[in-house]
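# Secondary and tertiary structure notes
Spelled out from the first residue to the last, the chains are:
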Amino acid sequence: MRPDFIAVAAVIALVTATTGFAADLAPYAGTWDCEVSTFTFTGDTYDAGEGPMPIRKVEKVDGSYVLSFDDGYQISLSGVTDTAMPWLSMASGDQFECKRVK
């Protein structure tokens, strides 16, 4: 194999491993009623009502999605179904049961 092909393949593998899935297919994408507010997720942003924050990294860990943001902030979305998902702040420990709005 040519070294330049190997380098391109390595970059593609790294990007794929970082996101874990296509952003447009994120199962948590949509609008959710999370008890304290309506949270909106796209494949690459999260908005808890204060304006969208870019999602910097997504890791799938034991069925949960760990979303990382600027300044090391992280949330975990576990057991995501078509209608519900638990939301957890890794920083504060706050937990909410979210119900899909759309």
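Before going into details, it helps to say that this report is about the structure given with it. Along each chain, residue indices are assigned from 1 in the same order as the chain's sequence is written. Residue-level local features of this predicted model are given only where pLDDT is at least 70; pairs of side-chain atoms are given and counted only at 80 or more, and the full residue set underlies all totals for whole chains, interfaces and linings. To obtain the side-chain values, all non-hydrogen atoms of the structure were included, while hydrogens and water were left out.

## Points about the layout of surface pockets
For cavity detection a 1 Å grid was placed over the protein atoms alone, and a set of points counts as a cavity when a 1.4 Å probe fits there but cannot get out; an open set counts as a pocket when protein lies on both sides within 12 Å along at least five of seven lines, with lining residues being those that have an atom within 4 Å of a point. Grid points are joined across faces, edges and corners, and a volume is the space filled by probe spheres set on the points. Estimates place the volume of the largest pocket at around 210 Å³. Taken together, V36, F39, Y46, D47, A48, G49, E50, G51, M53, Y73, W87 and F96 form the lining of the largest pocket. Lys, Arg, Asp and Glu make up the charged group, whereas Ala, Val, Leu, Ile, Met, Phe, Trp, Tyr, Cys and Pro make up the nonpolar group; the residues left over, Gly among them, are polar. Along the lines of polarity and charge, the residues of the lining of the largest pocket split into eight nonpolar, two polar and two charged.

## Quick notes on the state of the cysteines
Here, the term disulfide refers to a pair of cysteine sulfur atoms separated by no more than 2.5 Å. In total, this model carries one disulfide according to the counting rule given. Across the disulfide, C34 is cross-linked to C98 (sulfur-sulfur distance 2.0 Å). As the torsion about the S-S bond is roughly 115°, the C34-C98 disulfide counts as right-handed. Of this pair, C34 sits in the loop between β1 (30–33) and β2 (38–41) while C98 sits in strand β9 (residues 95–100), and the two are 64 residues apart along the sequence. Grouping residues by exposure puts C34 and C98 together as buried. Here a helix means four or more residues in a row that DSSP labels H or I, a strand means two or more in a row labelled E, and each is numbered from the N terminus. Note on classification: 1.4 Å probe, protein chains only; a residue is buried when its accessible area is under 20% of the maximum for its type, exposed when over 50%, partly exposed between these limits.

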